[in-house]
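Topology and contacts: notes
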Amino acid sequence: MARKPFIAGNWKMNMTVESGKQLIAELKPLVKEAKCDVALCVPAILIPAMVKAAKGSKIKIGAQNVHFAERGAYTGEISAEMLKDYGVKYVIIGHSERRQYFGETDDTVNKRTLTALANGLTPIVCVGETLSEREGNQTEKVLDKQLTEGLNGVEDVTKLVIAYEPVWAIGTGKTATDEQAQETIKYIRKKLGKLFGVKNANKVKIQYGGSMNAGNCKGLMAQPDIDGGLIGGASLKTDFATIVNFDK
Ligand code: PGA
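Residues numbered from 1 in each chain as written. Predicted model: local features only at pLDDT ≥ 70, side-chain atom pairs only at ≥ 80, totals over all residues. Heavy atoms only, no water.

1. Looking at the overall build of the chain
- Counting its regular elements, the chain contains 11 helices and eight strands.
- For the chain, the C-alpha radius of gyration of 17 Å lies close to 18 Å, the compact-globule estimate for 248 residues.
- For the chain, the C-alpha atoms occupy an extent of roughly 45 × 45 × 35 Å along the three principal directions.
- Counting all 248 residues of the chain, 51% fall into the buried class.
- For the chain, long-range pairs separated by at least 24 residues make up 74% of all intrachain contacts whose partners lie at least 6 apart in sequence.
- About 11,600 Å² of surface is accessible on the chain, with carbon and sulfur atoms providing 53% of the total.
- Of the side-chain charges in the chain, 34 are positive and 28 negative, and the distance between the mean point of each set is 6 Å. (Helix = DSSP H or I, 4+ residues; strand = E, 2+ residues; numbered from the N terminus. Rg over C-alpha atoms; globule rule 2.2 N^0.38 Å. Buried < 20%, exposed > 50% of the residue type's maximum accessible area, 1.4 Å probe, protein only. Contact = heavy atoms within 4.5 Å. Areas by Shrake-Rupley, 256 points an atom, 1.4 Å probe, with all protein chains shown as cover. Lys, Arg positive; Asp, Glu negative; His and termini not counted. Charge placed at Lys NZ, Arg CZ, Asp CG, Glu CD.)

2. So, the packing of helix α1 (residues 17-30) against helix α2 (residues 47-54)
- Relative to each other, α1 and α2 sit at 25°, their axes nearing to 9 Å. Judged on the interaxial angle alone, α2 and α1 are roughly parallel. The way α1 lies across α2 gives a crossing that is right-handed. Residue-level inspection shows V17, G20, K21, I24 and K28 of α1 in contact with α2, the latter providing A49, M50, A53 and A54.
- Per-class residue counts for the contact of α1 with α2 are six nonpolar, one polar and two charged. (Axes fitted to C-alpha atoms, helices over the stretch in contact; angles between N-to-C directions. Parallel < 35°, antiparallel > 145°, perpendicular 65-115°, else oblique. Left-handed = near helix turned anticlockwise from the far one by under 90°. Nonpolar A, V, L, I, M, F, W, Y, C, P; charged D, E, K, R; others polar.)

3. Let's talk about the nonpolar core
- In this structure, L151, I162, L192 and Y208 are the most contacted members of the largest nonpolar core, which totals 64 residues.
- Residue contacts for L151: discarding those within four places in its chain leaves N110, T113, V125, Q146, V157, L160, I162, L192 and F196.
- Counting residues in hydrophobic clusters, the runner-up holds 11 residues, among them F6, V161, A163 and L230. (Core = buried A, V, L, I, M, F, W, Y, C linked by side-chain atoms within 4.5 Å.)

4. Quick notes on the sheet that holds strand β6 (residues 161-164)
- Strand order in the closed barrel formed by eight strands is β1-β2-β3-β4-β5-β6-β7-β8, with parallel pairing between adjacent strands. Taken pair by pair, the neighbouring strands of this sheet meet at an average axis angle of 25°, ignoring direction.
- Relative to strand β8 (residues 228-231), strand β7 (residues 205-209) runs parallel, the two sharing three bridges. Residue pairing across strands places Q207 opposite G228, the latter belonging to β8.
- In the packing of α1 onto the sheet, the strands contacted are β2 (37-41) and β3 (59-63), and the crossing angle to β3 comes to about 140°.
- Along the sheet face, helix α8 (residues 178-196) touches β5 (122-127), β6 and β7 and points at about 145° away from the line of β7. (Pairing = 2+ DSSP bridges.)

5. Digging into the pattern of salt bridges
- Counted according to the given criterion, the structure contains 18 salt bridges.
- In this structure, E149 and K145 form a salt bridge, with 3.3 Å as the shortest nitrogen-oxygen distance. With E149 and K145 both in helix α7 (residues 139-150), this residue pair falls four residues apart, about one helical turn.
- The partly exposed category is assigned to K145, whose relative accessible area is 43%. (Salt bridge = Lys/Arg side-chain N within 4 Å of Asp/Glu carboxyl O.)

6. Description of the site of the ligand
- Taken together, 13 residues lie around the ligand, and K12, H95, E165, G171 and S211 are the ones closest in.
- Here an oxygen atom of the ligand sits 2.6 Å away from a polar atom, N or O, in the side chain of H95.
- Between the ligand and the protein, one listed contact pairs an oxygen atom with a side-chain N or O atom of E165 at 2.7 Å.
- Contact with the protein chains removes 94% of the 290 Å² of surface that the ligand exposes when unbound.
- Of the residues assigned to the shell around the ligand, the class counts are four nonpolar, seven polar and two charged. (Near = heavy atom within 4 Å. Polar contact = N/O pair within 3.5 Å; in protein donor to acceptor, adjacent residues only side chain to side chain.)

7. Quick notes on the side chain of R189
- Looking at where R189 falls in the secondary structure, it is placed in helix α8.
- Side-chain polar atoms of R189 contact the side chain of D227, separated by 2.9 Å.

8. Topic: the pairing of β5
- Across the six residues that make up β5, a large majority, six, are buried.
- Of the two faces of β5, the one carrying T122, I124 and C126 and the one carrying P123, V125 and V127 are both buried.

9. Digging into α8
- Over its 19 residues, α8 extends 26 Å from the first C-alpha to the last, a length consistent with the 27 Å expected when each residue adds 1.5 Å.
- All of the buried residues in α8 are A181, Q182, T184, I185, Y187, I188, R189, K191, L192, G193 and F196. (Expected span 1.5 Å × (residues − 1).)

Below you can see the structure in the form of structure tokens.
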């Protein structure tokens, strides 16, 4: 069966209750006819208000991180149970900004992924190489490690989403070409096939992320292995709806 496309926004550390509510109100009618799954991953403190704002629409609300412990003495952290309490469905795990600025490793990505899955959340696990890794022909090696260690012990890989986000393309306006993104995502699927079996790998949704916008989304989405997008900057405006409607 064909994989249903999935477009997710990542608001990062942007928006307030007011501006978030306003944007969701503007997006709702624009994404009404969308054929794909749609999510907005918002700052944790905005989750309750945005879940309410998006109610009755195609937009599902996601989180940008989750702690790996079920509960306990982890000041400042948020558990899977807390996210579920508010009707959260998706959670971004291992975004490159978390790897770069907050000490996220393949090991912590793995722990968060297992906890999210155990609690019925759908992890959007981010992988991707830096510019120097790409230039040094290390892309496949980096992805191998991120996938092997990050997904270690996952029982049903079809229950998660992978976002391939080349670090050099995030927030830089430098999108990977359609061919680069396709070629790398095809490689990721092949690696998932080795780790989890080809049949399962063919069911996993793999998104592209990194300066994806209203102008370049059609070309990227036309690639056979690209099943969606993880959208940063362009998810802060109604351009997000244009990406959601990439097939129109
Ligand atoms: P960008 O961010 O679309 O602003 O490049 C993508 C992401 O970091 O998920």
